[in-house]
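# Analysis of the macromolecular model
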Amino acid sequence: VFDANWYSAERTRLEYWRWSSGSANLTLRNPHPFPILATVSFRIRTRDARTVGLWQGNYARWERKLAAGEMREIKVRNMMLEPGDTLWQFKTDLPAAYPDTYDRRRLAFSLRDLKITILGKADVIPPGKK
């Protein structure tokens, strides 16, 4: 689930993406009553030089300074998704800017080719048992 800081999805025959209007949230939803393991992959692309980070709670899963036009591939492997919602926050250090085109949106970075691969039900080890 994309929050209001993401623009509508766009696509070509080769890829699909959403531009952000600055820092933005993505909610990953597990509808099952049990935790599942998943691998989440995507690419981040910027129009200008900026830092972009992926945060889950107080934990930075990924953060990099990207050059203008740079694209970076990110893969979060063996991620446990608890039942319900997991909030991902994409944070950037600069405000969105108008691109050098006829596009009148303010753009910060784009999230491209988001793919969630479900690996199966997570085997939860009770606390104190290893």
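Residues numbered from 1 in each chain as written. Predicted model: local features only at pLDDT ≥ 70, side-chain atom pairs only at ≥ 80, totals over all residues. Heavy atoms only, no water.

The next subject is the overall build of the protein. Of the regular secondary structure elements, the protein holds zero helices and nine strands. Written out in order from the N terminus, the α and β elements of the protein read β-β-β-β-β-β-β-β-β. C-alpha extents for the protein along the principal axes are approximately 55 × 30 × 25 Å. Looking at the protein as a whole, 35% of its 130 residues are labelled buried. Accessible area for the protein stands at about 8,100 Å²; split by element, carbon and sulfur atoms hold 51% of it. Considering the protein, the positive charge centre built from 23 side chains and the negative charge centre built from 14 side chains are found 3 Å apart. (Helix = DSSP H or I, 4+ residues; strand = E, 2+ residues; numbered from the N terminus. Buried < 20%, exposed > 50% of the residue type's maximum accessible area, 1.4 Å probe, protein only. Areas by Shrake-Rupley, 256 points an atom, 1.4 Å probe, with all protein chains shown as cover. Lys, Arg positive; Asp, Glu negative; His and termini not counted. Charge placed at Lys NZ, Arg CZ, Asp CG, Glu CD.)

Here we come to the sheet that holds strand β8 (residues 84–92). Reading across the sheet, the four strands line up as β3-β8-β5-β6 and stay open at both edges, with antiparallel pairing between neighbours. Where the open sheet ends on each side, the last strands, each with one partner, are β3 (24–30) and β6 (59–66). The sheet shows a mean angle of 15° between the axes of neighbouring strands, direction not considered. Summarising the sheet, strand β5 (residues 50–56) and β6 pair through seven bridges and their orientation is antiparallel. Directly across from glutamine 56, in β6, lies its bridge partner tyrosine 59. (Pairing = 2+ DSSP bridges. Axes fitted to C-alpha atoms, helices over the stretch in contact; angles between N-to-C directions.)

Further remarks concern the nonpolar core. One finds Phe42, Ile44, Trp88 and Phe90 to be the most contacted residues of the largest nonpolar core, which totals 24 residues. Going through the elements one at a time, β3, β4 (36–46), β5, β6, β7 (71–81), β8 and β9 (109–121) are the ones with two or more residues in this core. Apart from the residues lying within four places of it in its own chain, the contact partners of isoleucine 44 are Val52, Trp62, Leu66, Glu70, Met71, Arg72, Ile74, Phe90, Phe109, Ser110 and Leu111. (Core = buried A, V, L, I, M, F, W, Y, C linked by side-chain atoms within 4.5 Å. Contact = heavy atoms within 4.5 Å.)

Turning to the sheet that holds β9, a few remarks are in order. As summarised here, the arrangement of the five strands in space is β1-β2-β9-β4-β7, forming an open sheet in which the pairing is antiparallel. Strand pairing shows two members of the sheet lacking a second neighbour, β1 (10–11) and β7, which therefore form its edges. Sheet analysis places strand β2 (residues 16–19) next to β9, joined by three bridges and oriented antiparallel. Note on β9: the bridge partner recorded for tryptophan 17 is arginine 112.

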